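# Structural overview for review
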Amino acid sequence: MMFFSKLVTYIPSLLKGLGITLELTLLSAIIGFFAAIFLVVGVLYGNRFFKILCNFIITIIRGTPMMVQLFLIYFGLPGINIKLSPLTAAVIAFIINSSAYQAEYLKGGFMAISKEQIEAAYSIGLNKWDAIRLIVFPQAFRFAIPALSNEIVYLIQYTSVAYTIGLPELFYISKNFASKTYMNLEIYLFIGIIYLIFIYIITKLTDIVEKKLYIPGFDTSHLK
Amino acid sequence: MEENLLIIENIEKAFGSQKVLDGVSFKLNKGDVKVIVGPSGTGKSTLLRCINLLNPPDKGRIYLQNTEITQLPHSKIPSIRQKIGMVFQHFALFNHLSAIDNVALGLIKVKKMNKTDAYEKAMFELKRVGLDQHKDKYPAQLSGGQKQRVGIARALAMDPLLILFDEPTSALDPELIGEVLQVMQNLAKEGMTMICVTHEMGFAKSVANEVIFMEKGKIVEQGPPLKLFTEATHPRTREFLSKISELYGESEKK
Ligand SMILES: Nc1ncnc2c1ncn2[C@@H]1O[C@H](COP(=O)(O)OP(=O)(O)OP(=O)(O)O)[C@@H](O)[C@H]1O
Ligand SMILES: [Mg+2]
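Residues numbered from 1 in each chain as written. Chains lettered and ligands numbered in written order. Predicted model: local features only at pLDDT ≥ 70, side-chain atom pairs only at ≥ 80, totals over all residues. Heavy atoms only, no water.

## Considerations on the site of ligand 1
All names here are of chain B. Where we set the bar: The rule for a residue being near a molecule or strand is that one of its heavy atoms must lie within 4 Å of it. Whenever two N or O atoms come within 3.5 Å, that pair is a polar contact, provided that in protein one can donate a hydrogen and the other can accept it, and provided that, for residues adjacent in sequence, both atoms are side-chain atoms. To measure how exposed things are, a 1.4 Å probe is used in the Shrake-Rupley method; for residues, cover is taken only from the protein chains shown. Secondary structure elements are taken from DSSP: a helix is a run of H or I of four residues or more, a strand is a run of E of two residues or more, and numbering for both begins at the N terminus. Residues are sorted three ways: Asp, Glu, Lys and Arg are charged, Ala, Val, Leu, Ile, Met, Phe, Trp, Tyr, Cys and Pro are nonpolar, and all the rest, Gly among them, are polar.
Around ligand 1 sit Phe15, Gln18, Val20, Pro39, Ser40, Gly41, Thr42, Gly43, Lys44, Ser45, Thr46 and Glu167, and those are all the residues in its vicinity. The separation between an oxygen atom of ligand 1 and a polar side-chain atom of Gln18 is 2.8 Å. The protein chains hide 63% of the 630 Å² of surface that ligand 1 would expose on its own. Per element, the largest residue contribution to the shell around ligand 1 is three residues, and it comes from helix 1 (residues 44-51). Classifying every residue of the shell around ligand 1 gives three nonpolar, seven polar and two charged.

## Quick look at helix 6 (residues 174-189) of chain B
Residue and element names in this part refer to chain B. Inclusion rule: Take the residue count of a helix, subtract one, and multiply by 1.5 Å to get its expected span. Burial here depends on accessible area, computed with a 1.4 Å probe over protein chains only, as a share of the maximum for the residue type. Under 20% is buried, over 50% is exposed, and the range in between is partly exposed.
When the terminal C-alpha atoms of helix 6 are compared, their 23 Å separation across 16 residues agrees well with the 22 Å that a helix rising 1.5 Å per residue should span. Looking only at helix 6, the buried set comprises Leu176, Ile177, Val180, Leu181, Val183, Met184, Gln185, Leu187 and Ala188. Count one or two residues on from helix 6 and you reach Gly191, which has phi positive near 100 degrees.

## A few points about the interface of chain A and chain B
To keep it simple, the criterion reads: Note on contacts: a residue pair is in contact if any heavy atoms of the two residues lie within 4.5 Å. When two parts are put together, the accessible area they lose, computed with a 1.4 Å probe and summed over both, is reported as buried area. By salt bridge we mean one thing: a side-chain nitrogen of Lys or Arg within 4 Å of a carboxyl oxygen of Asp or Glu.
Taken together, the contacts link 21 residues of chain A with 26 residues of chain B. For the pairing of chain A and chain B, the buried interface totals around 2000 Å² over both sides, and the portion due to carbon and sulfur atoms is 67%. Area buried by chain A at its contact with chain B is led by Glu116, Ser123 and Ile124 of chain A, which between them contribute 31% of it. In this structure, the connection of chain A to chain B is made through one salt bridge. For Glu119 of chain A, the salt bridge goes to Arg49 of chain B, with nearest N and O atoms at 2.7 Å. Put simply, chain A and chain B have four residue pairs in polar contact (both at pLDDT 80 or more) between them. The set of elements that each furnish at least two residues to the side of chain A that touches chain B consists of helix 5 (115-123) and helix 6 (128-158) of chain A. The biggest single contributor to the side of chain A that touches chain B is helix 5 of chain A, with eight residues. A class-by-class count of the residues in the side of chain A that touches chain B yields eleven nonpolar, six polar and four charged.

## A closer look at the sheet that holds strand 7 (residues 162-166) of chain B
Residue and element names in this part refer to chain B. To keep it simple, the criterion reads: Any two strands between which DSSP finds at least two bridges are classified as paired. Every axis in this analysis is a line fitted to C-alpha atoms, fitted for helices over the stretch in contact. Angles between the N-to-C directions lie between 0 and 180 degrees.
The strand order 6-7-8-3-9-10 describes an open sheet built from six strands, whose pairing is mixed. With one partner strand each, in any of the chains shown, strand 6 (84-87) and strand 10 (218-223) form the two edges of the open sheet. Direction aside, neighbouring strands of the sheet carry axes that sit 20 degrees apart on average. Inspection of the sheet shows strand 3 (residues 33-37) paired to strand 9 (residues 210-215) by four bridges, in the parallel sense. For Val37, the partnering residue across the bridge sits in strand 9 and is Phe213. Packed on one face of the sheet, helix 1 meets strand 3, strand 6, strand 7, strand 8 (194-197) and strand 9 and runs near 155 degrees to strand 7.

## Considerations on the pairing of strand 2 (residues 18-28) of chain B
Where strand 1 (residues 6-15) of chain B and strand 2 of chain B come together, eight bridges link them in antiparallel fashion. Its bridge partner being in strand 2 of chain B, Lys13 of chain B is matched across the sheet by Leu21 of chain B.

## Re helix 7 (residues 170-181) of chain A
Every α-helix carries 3.6 residues per turn, so stepping three or four residues along brings you back to the same face. Residues and elements named next belong to chain A. Note the cut-off: What the arc covers is the set of directions going from the helix axis to the C-beta atoms.
Compared with the 16 Å implied by 1.5 Å per residue over twelve residues, the 16 Å span of helix 7 between its first and last C-alpha is a close match. Within the sequence span of helix 7, burial applies to Leu170, Ile173, Ser174, Phe177, Ala178 and Thr181. Each buried residue of helix 7 lies within a common arc of 140 degrees when the element is viewed along its axis, so the set occupies one face. Taken together, the buried residues of helix 7 touch helix 1 (2-45) and helix 8 (184-212).

## Regarding the pattern of salt bridges
A side chain with one charge may pair with a side chain of the opposite charge, provided their charged atoms come close. All names here are of chain B. Enumeration over the complete set of coordinates arrives at 19 salt bridges over all chains. Across the pair Lys19 and Glu12 runs a salt bridge, and its minimum N-O distance is 2.9 Å. Judged by its relative accessible area of 15%, Glu12 falls in the buried class. For Asp22, the salt bridge goes to Lys19, with nearest N and O atoms at 3.8 Å. With relative accessibility at 25%, the residue Asp22 sits in the partly exposed group. Assessed through its relative accessible area of 44%, Lys19 is described here as partly exposed. A single salt-bridge network, built from bridges that share partners, covers Glu12, Lys19, Asp22, Lys59 and Lys218.

## So, a nonpolar patch on the surface
All names here are of chain A. To keep it simple, the criterion reads: The patch calculation keeps residues exceeding 30% relative accessible area without a salt bridge and links them within 9 Å when they carry like charges or within 5 Å when they are nonpolar (Val, Leu, Ile, Met, Phe, Trp, Tyr).
The grouping of Ile193, Ile197, Tyr200, Ile201, Leu205 and Ile208 at the surface amounts to a nonpolar patch, some 590 Å² of accessible area in total. With respect to the secondary-structure elements, Tyr200 resides in helix 8. Using a relative accessible area of 53% as the deciding quantity, one classes Tyr200 as exposed.

See the structure below:
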């Protein structure tokens, strides 16, 4: 019970840490999603320049460790006089990183849409961008939901590496607690459960979204 | 220039080094129904796709209502396409939209109709193909024949000057072919201008005013269906036509 009495004093900072973890996760997931749309459309429908550029960006991001990207932004950029707070640096690094992965998941969905449907869209007079927006994207997104929901789960967990640049997120606070109280077992079990709860909630939420958007014929179970 | 709805003048199309269309010309008047037949790989689909500029021809000209459409800037192409309906072999319905939304989409997004009018018109077209009962079903919930009829309603909704049909029944089970041909026959009788790539010779005999036999990217012979069936001048035409009436004879009887 020693643990819980100590924990109580830490509740405010743990809550703050949790807030930062969720903020980082949601910002990277959401802004990363829009950046991913840009990347995938660039890769699949852009002109030569955009195709090469977007492919290049995706390859670089997926080909380097997250930690390297994070350190480059936080410790590297000051070298050219760009100094960012840990939170800003982490948000930027995670958005960039997540966008490349989300782009890959969306790409699978985009490529599952038959060329004939796009031609049918053209045949009624839609232009290329409307065909992508109204026909391809809504279907591609549905196909990609299971993979995108995995990405959010992954983000919640992986934001913990931001402790390395001193961002006081959930893991950082716990580490702090452990080093002050030596109650390693208790605190890591405790925040493990907190992560688990949030991941469970996210999984349930994405299930709800998937069901809400369900359309007969869009059986994505084979992608899970 | 005379009053033809569509004039195809000497069009050529190659994919890489393979010449797929090699100087095809014909004319179409309002209300004409032309049936195009020919062996696989002859360029029938490519010809249709040239007409609605999905694959613009390399050479030659196409005039729609006496306006050349083969030299248009990219931005003008969608406005031409909405005047030319297309019905696809594998239906190509928008899988995330219900039957009525498939039909209404072009009205709302291309013709900028307000939703009430668009859905009213979409409903009218679905009735025309006998599918008003199924308006809220998604493509995955429809049979092949029903899907194809939605495809036809989608083309009709745009009030096109003509409709191109690319083997509209060849992906269907035999027992579903009849319902689609029936709809096409009704359209023909209502005066819709149509170019149909199909091997359904019963359909050709009953409504086409001309059958075009194509081979290797060229028109070998063309003429009124009965004339072509009974007294084709070209031996290849006779050979081909007798082969397909053998193959497709059964669904013709239905
Ligand atoms: N986009 C393309 N790229 C390369 N080759 C193509 C393309 N479209 C068609 N072809 C080739 O052009 C030739 C004619 O094709 P097309 O589809 O027009 O024939 P078809 O007469 O419609 O045949 P089928 O009866 O089998 O449908 C074929 O050899 C085909 O492989
Ligand atoms: Mg074809």
